[in-house]
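So the chains spell out like this:
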Amino acid sequence: MDGNGRWAQARGLPRVAGHRQGAEAVRRAVVACIELGVDYLTIYAFSSENWKRPEREIDDLMGLLGLYLRNEVAELSQRGVRVCFIGDRGRLSTDIRKLIDQAEASTRENKALTLTVALNYGGRQEIVRAARRIAEDAVAGRLGAAAVEEYLFSGYLDTAGVPDPDLVIRTSGEQRLSNFLLWQAAYAELVFLPTLWPDFRKRDLEEAIAEYMKRERRYGASSG
Ligand code: IPE
Ligand code: MG
């Protein structure tokens, strides 16, 4: 989700207005995914690097997140959405952590869509945390070096149990992954849209999926 700030700037509004519209766009994206039969949606809400932003903006983002969780989880649950979070929870406020735990617990059984929210998330940090836990298990004698394979490693990541993404969409014209799902996106199709995130609608998702369907996925094999 990129382009909230530019969306606001283009209208002479404070950045927080863009983030507010960004939250609306998340609501639309969730509904669009359910309608289009997408089973898993992962959104990059706050990166490990976003702490470099001014304190005021961080407070605004965390405030909006709290508001979203307080107001939306019941409706998400009614729609059959299971909500999960990835990222390092250690640096989040106790208030946000409590809301996260509640959202996960109250939607655990839902089946229509798994919505994963990446919060204080960084792909490298996630890989390092997984490696550290593997090392701890090895030192404790629970794991031998030969057991460390791709399959096992994946299970130590925050996304354990969630399939790798088929499609990664970045809005606002930037063409980077910016530390998003580095391990998991190894064979994802990447689609970059010029749309700013607050303007994102079902037709943008349909456009990205149409682009995805034109691609030939070979996973390193030759075509034919
Ligand atoms: C995305 O929009 C907001 C987050 C998910 C934190 P930005 O805030 O990065 O917007 P630009 O890039 O300044 O337009
Ligand atoms: Mg940005």
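As a reminder, the structure under discussion sits directly above these lines.
Residues numbered from 1 in each chain as written. Chains lettered and ligands numbered in written order. Predicted model: local features only at pLDDT ≥ 70, side-chain atom pairs only at ≥ 80, totals over all residues. Heavy atoms only, no water.

(A) Examining the packing of helix H3 (residues 55-78) against helix H4 (residues 94-107) more closely. Where H3 contacts H4, the axes come no closer than 10 Å and their chain directions differ by 15°. In this view, H3 runs roughly parallel relative to H4, as classed from their interaxial angle. The chirality of how H3 crosses H4 is left-handed. Taken together, the residues of H4 that come into contact with H3 (itself represented by Met 62, Leu 65, Gly 66, Leu 69, Arg 70, Val 73 and Ser 77) are Asp 95, Ile 96, Leu 99, Ile 100, Ala 103, Ser 106 and Thr 107. Grouping the amino acids of the contact of H3 with H4 by side-chain chemistry returns 8 nonpolar, 4 polar and 2 charged. (Axes fitted to C-alpha atoms, helices over the stretch in contact; angles between N-to-C directions. Helix = DSSP H or I, 4+ residues; strand = E, 2+ residues; numbered from the N terminus. Parallel < 35°, antiparallel > 145°, perpendicular 65-115°, else oblique. Left-handed = near helix turned anticlockwise from the far one by under 90°. Contact = heavy atoms within 4.5 Å. Nonpolar A, V, L, I, M, F, W, Y, C, P; charged D, E, K, R; others polar.)

(B) Here's a closer look at the nonpolar core. Formed by 37 residues in total, the largest nonpolar core has its most connected members in Val 30, Phe 85, Leu 115 and Leu 119. Of all elements in the fold, only helix H2 (15-36), strand E1 (40-47), H3, strand E2 (81-86), H4, strand E3 (113-121) and helix H7 (202-214) reach the threshold of two or more residues within this core. Counting 9 residues, the second-largest nonpolar core is a separate cluster that includes Ile 86, Val 168, Phe 180 and Leu 181. (Core = buried A, V, L, I, M, F, W, Y, C linked by side-chain atoms within 4.5 Å. Buried < 20%, exposed > 50% of the residue type's maximum accessible area, 1.4 Å probe, protein only.)

(C) Local environment of the site of ligand 1. Taken together, Met 1, Asp 2, Gly 3, Asn 4, Gly 5, Arg 6, Arg 15, His 19, Tyr 44, Ala 45, Asn 50 and Arg 53 make up all the residues around ligand 1. At a separation of 2.9 Å, an oxygen atom of ligand 1 approaches a polar side-chain atom of Asp 2. Here an oxygen atom of ligand 1 sits 2.9 Å away from a polar atom, N or O, in the main chain of Gly 5. Here ligand 1 has 390 Å² of accessible area as a free molecule, and 88% of this is covered by the chains. Counting only elements with at least two residues in the shell around ligand 1, the list comes to helix H1 (4-9), H2 and E1. Sort the elements by how many residues they give to the shell around ligand 1 and H1 lands first, with 3 residues. (Near = heavy atom within 4 Å. Polar contact = N/O pair within 3.5 Å; in protein donor to acceptor, adjacent residues only side chain to side chain. Areas by Shrake-Rupley, 256 points an atom, 1.4 Å probe, with all protein chains shown as cover.)

(D) Representation of the pattern of salt bridges within the structure. One pass over the structure, following the stated rule, counts 22 salt bridges. Here Arg 6 makes a salt bridge to Glu 174, at a shortest N to O gap of 3.2 Å. With Arg 6 in helix H1 and Glu 174 in the loop between strand E4 (167-170) and strand E5 (189-192), this residue pair connects regions lying 168 residues apart in the sequence. Note on Arg 6: relative accessible area 32%, which makes it partly exposed. Judged by its relative accessible area of 23%, Glu 174 falls in the partly exposed class. Residues Arg 218 and Glu 216 are paired through a salt bridge, measuring 2.8 Å at the closest nitrogen-oxygen approach. Take Glu 216: its relative accessible area is 47%, and that puts it in the partly exposed class. Here the salt bridges share partners, and the residues they tie into one network are Asp 166, Glu 189, Glu 211, Lys 214, Arg 215 and Arg 217. (Salt bridge = Lys/Arg side-chain N within 4 Å of Asp/Glu carboxyl O.)

(E) Main features of H3. Spanning 24 residues, H3 covers 35 Å between terminal C-alpha atoms, matching the ideal 34 Å at 1.5 Å per step. Along H3, the helix axis deviates most sharply at Glu 72, where the bend reaches about 50°. With its phi angle positive at about 85°, Gly 80 sits one or two positions after the end of H3. (Expected span 1.5 Å × (residues − 1). Bend = angle between axes of the 7 residues up to and from the residue.)

(F) Spotlight on the packing of aromatic side chains. In this structure the tally under the stated criterion is 7 aromatic pairs. With 4.9 Å between their ring centres and 70° between their planes, Phe 46 and Trp 51 make a pair best called edge-to-face. Between the aromatic rings of Phe 153 and Trp 183, the centroid separation amounts to 4.8 Å while the plane-to-plane angle is 20°, which identifies the pairing as stacked. Remark: Trp 183 occurs in the loop between E4 and E5 and Phe 153 occurs in helix H6 (residues 150-156); sequence separation between them is 30 residues. For Trp 183, a relative accessible area of 27% gives the class partly exposed. Aromatic ring contacts, followed pair by pair, group Tyr 44, Tyr 121 and Phe 180 into a single cluster. Just above the ring of Trp 51 sits the side chain of Arg 91; from NZ or CZ to the centre is 4.2 Å. (Phe/Tyr/Trp six-rings, centres within 6.5 Å; stacked < 30°, edge-to-face > 60°. Lys NZ or Arg CZ within 6 Å of the ring centre and 35° of its normal.)

From the geometry alone we can't say anything about function, so treat these as descriptive.
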